[in-house]
Amino acid sequence: MCGIIGYTGRMAAQNILLDGLQRLEYRGYDSAGIAFFKENTGHISVRKTAGKVMDLRAICDDENLSVCGIGHSRWATHGGVTNANAHPHKVGDVVLVHNGIIENYHHLIEKYHLMGQLKSETDTEVACAVINANYNGNPEEAIKKAVSELKGSFAFCIMFSNHPGEVYAIRNVSPLVATYAPQNGSFLASDLTAFIEYSNKYFVLPEYHILKMTKDGITLNDLDGKTVEPEYMTVDWDVSTAEKNGYNHFMIKEIHEQPDAFERTVGPRIKDGMPDFSDDNIPDSLFEGIKDITVIACGTAMYAGMVGRTLIQNKIGLPVKVEIASEFRYERPTITKDTLVIVISQSGETIDTLEALRLAKSRTDRTLAVVNVKGSTIARESHYVMYTHAGPEIAVASTKAYTVQVAALYLIGARIGVLSGEIENDAVREFIAKFRQVPEHIKSVLQMEDTIRMYANRMTNAKDTFFIGRALDYTLSMEGALKLKEISYIHAEAYAAGELKHGTIALISEGVPVIAIATQSNVYSKVISNIREVKARGAYVILVSKDQEIEDNTVCDIHIPLPDIDDELTVFESVVVLQILAYYTSVGKDINPDQPRNLAKSVTVE
Ligand code: AGP
């Protein structure tokens, strides 16, 4: 999704903007640009280009001493990837950048007689023209009038000619955060990573509030002109967290961060050996008396929900549904006041998950968000929030966020088990004691990285692959398949092992890689039978199991042994194997796993 950055202060703005855009690259983009006040004048200059930030740097002037500007990385929605469609857009006295979608821009083109006036194909330029048409020298008035006519999602960062040193912003749905750091000036961005080296304090711009930034501070006014105090938050990570620190890619760095991420997420929620959410202000009443659970999410977060569902339903006996957010939004909800709704989102900004949450809230007061980004929209709009503490996840392919999402769901299941009496306290205590050992088990799997890397070489020429398993392994295989396809571009499909012979086995031919996960004792022999079925038809089988060795070497071509751990905890080991396999398959194909084609880190547009 698009990245936005704005700055005004006493430092040279250009590198702050360009470096900030570089830090936002992980959001996914295809063109970039900046605009800045020419030093000590009210004149605004624009530099923009299709391509990467490095291409933008090439057309910028190193001697640029401007101290105020805005920047943008564009993930194309309206209009192709061209220089003209790149942001910033300039119409008259107004220059702006935008993240979101203006749904009524055709109407606005007619209303403001813009036909033949526009230089691009974008909805953004139309919005810029509307603000300019309403501008009579007062930026806030112009913004207020314009947004009253806009329909859709937007995060605007705006500058006005003859208002040097001033940057304005307003948002609806699309994210924007800001901060004022006295020594450095005022910063605004799509997310904190863009300016973390200048401040670890920030606030989320409230929707439909006009932000004005100058070198001396920030003011925030609602649309009635009433000044509002920003609600600052502080993060406990720093600029090095938002950098690769010697790893070749963010993805492999984040795979290695999983033991710490797990501990930071789980540790504070275990008191006296039992799950305890008191520090999260999550009351037991949220869970007491629930009749069913609905988990709503997208992508990897949804697959984490699938794993949580299997564990909770099997352990607690409560019906648990996992809904794809973009589907849930258009179905007739079966949620009642006794349904616990858990929405999962790493970014906390995924539009489909956000809108699904809003629909769920119309049916129940029991909404709980499992979110990684502090203060994000989903976190703020749900009744309760359990933050995961994975730290910033920069790689598009989610890894550590998935692991801590599953961990959070396991904790929630344990808490419900205690409160409902479904699980004896001693059994929960025993589970928690083993649960806390998971980071050590993940570390053991990470030590297998070089071996798994070798096996990935066998995957790079594959056209189709299948991930199969049963029970928890089946739900985990969904994440394994997504990881592989989104960063290696190899078609991958997760399949319930027992379902293969009902059609899909027809696709198995000589050399097709099948990654089989067989860690669940109660169905182990069944999965081995299913593996034999695909092997008999020429599949190249990579088996992931807790066996330390496989007697019958006709079962698989490669065996990846997992450190011994309780069946219900194997997912934390298996997923690391699949993440590493996907990562090195991608690298083996000379793909940048951090920024796979067509993908964005946070899908904030529908
Ligand atoms: C997974 O690797 C992808 N990045 C994608 O599926 C992602 O999980 C999905 O878009 C949901 O994002 P969220 O967790 O930020 O809501």
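You'll find the structure just up there.
Residues numbered from 1 in each chain as written. Predicted model: local features only at pLDDT ≥ 70, side-chain atom pairs only at ≥ 80, totals over all residues. Heavy atoms only, no water.

1. A few points about the overall build of the protein
Looking only at helices and strands, the protein has 18 helices and 26 strands in total. The C-alpha radius of gyration computed for the protein amounts to 25 Å, which stays within 12% of the reference 25 Å derived for 606 residues, consistent with globular compactness. Counting only C-alpha atoms, the protein reaches 80 × 55 × 45 Å along its principal axes. For the protein, the proportion of its 606 residues judged to be buried stands at 62%. Look at the contacts in the protein between residues 6 or more apart in sequence, and 72% of them connect residues 24 or more apart. For the protein, the accessible surface area stands at approximately 22700 Å², while carbon and sulfur atoms represent 48% of it. Each charge sign in the protein was given a centre, from 59 positive and 78 negative side chains, and these centres are 3 Å apart. (Helix = DSSP H or I, 4+ residues; strand = E, 2+ residues; numbered from the N terminus. Rg over C-alpha atoms; globule rule 2.2 N^0.38 Å. Buried < 20%, exposed > 50% of the residue type's maximum accessible area, 1.4 Å probe, protein only. Contact = heavy atoms within 4.5 Å. Areas by Shrake-Rupley, 256 points an atom, 1.4 Å probe, with all protein chains shown as cover. Lys, Arg positive; Asp, Glu negative; His and termini not counted. Charge placed at Lys NZ, Arg CZ, Asp CG, Glu CD.)

2. Details of the nonpolar core
Nonpolar side chains tend toward joint burial in soluble globular proteins. Counting residues in each nonpolar core, the largest one holds 95 residues, and the members touching the most others are Ile 293, Tyr 410, Ile 412, Phe 435 and Phe 572. In contact with Tyr 410, not counting residues within four places along its chain, are Val 307, Leu 311, Phe 431, Phe 435, Leu 472, Glu 568, Leu 569, Val 571 and Phe 572. Grouped together as the second largest cluster of nonpolar side chains are 29 residues, Ile 5, Leu 24, Ala 32 and Ala 189 included. (Core = buried A, V, L, I, M, F, W, Y, C linked by side-chain atoms within 4.5 Å.)

3. Description of the pattern of salt bridges
Enumeration over the complete set of coordinates arrives at 30 salt bridges. Between Lys 434 and Asp 566 there is a salt bridge, with the nearest N and O atoms lying 2.9 Å from each other. Remark: Asp 566 occurs in the loop between strand 26 (558-561) and helix 18 (571-588) and Lys 434 occurs in helix 13 (residues 425-435); sequence separation between them is 132 residues. When salt bridges that share partners are traced, they join Lys 291, Lys 337, Asp 338 and Arg 366 into one network. (Salt bridge = Lys/Arg side-chain N within 4 Å of Asp/Glu carboxyl O.)

4. What about the site of the ligand?
Around the ligand sit 14 residues, and of these Ser 345, Ser 347, Thr 350, Val 396 and Glu 486 come closest. For the ligand, an oxygen atom lies 2.7 Å from a polar atom in the side chain of Ser 347. Here an oxygen atom of the ligand and a side-chain polar atom of Glu 486 are 2.5 Å apart. Its free accessible area being 400 Å², the ligand has 91% of it covered by the protein chains. (Near = heavy atom within 4 Å. Polar contact = N/O pair within 3.5 Å; in protein donor to acceptor, adjacent residues only side chain to side chain.)

5. Comments concerning the sheet that holds strand 17 (residues 292-297)
In space, the 5 strands of this open sheet follow the order 18-17-19-20-21, with parallel pairing throughout. The sheet terminates laterally at strand 18 (320-324) and strand 21 (384-387), the two strands that pair on one side only. Neighbour-to-neighbour, the strand axes of the sheet open up by a mean angle of 20°, direction not taken into account. Examined bridge by bridge, strand 20 (residues 367-371) and strand 21 share 4 bridges and lie parallel to one another. Across the sheet, residue Ala 369 finds its bridge partner in strand 21, namely Val 385. Contacts from helix 10 (residues 351-361) reach strand 17, strand 19 (339-345) and strand 20 within the one sheet, and its direction differs from that of strand 19 by about 165°. Of the strands in this sheet, strand 17, strand 19, strand 20 and strand 21 are in contact with helix 12 (residues 400-420), which crosses strand 19 at around 160°. (Pairing = 2+ DSSP bridges. Axes fitted to C-alpha atoms, helices over the stretch in contact; angles between N-to-C directions.)

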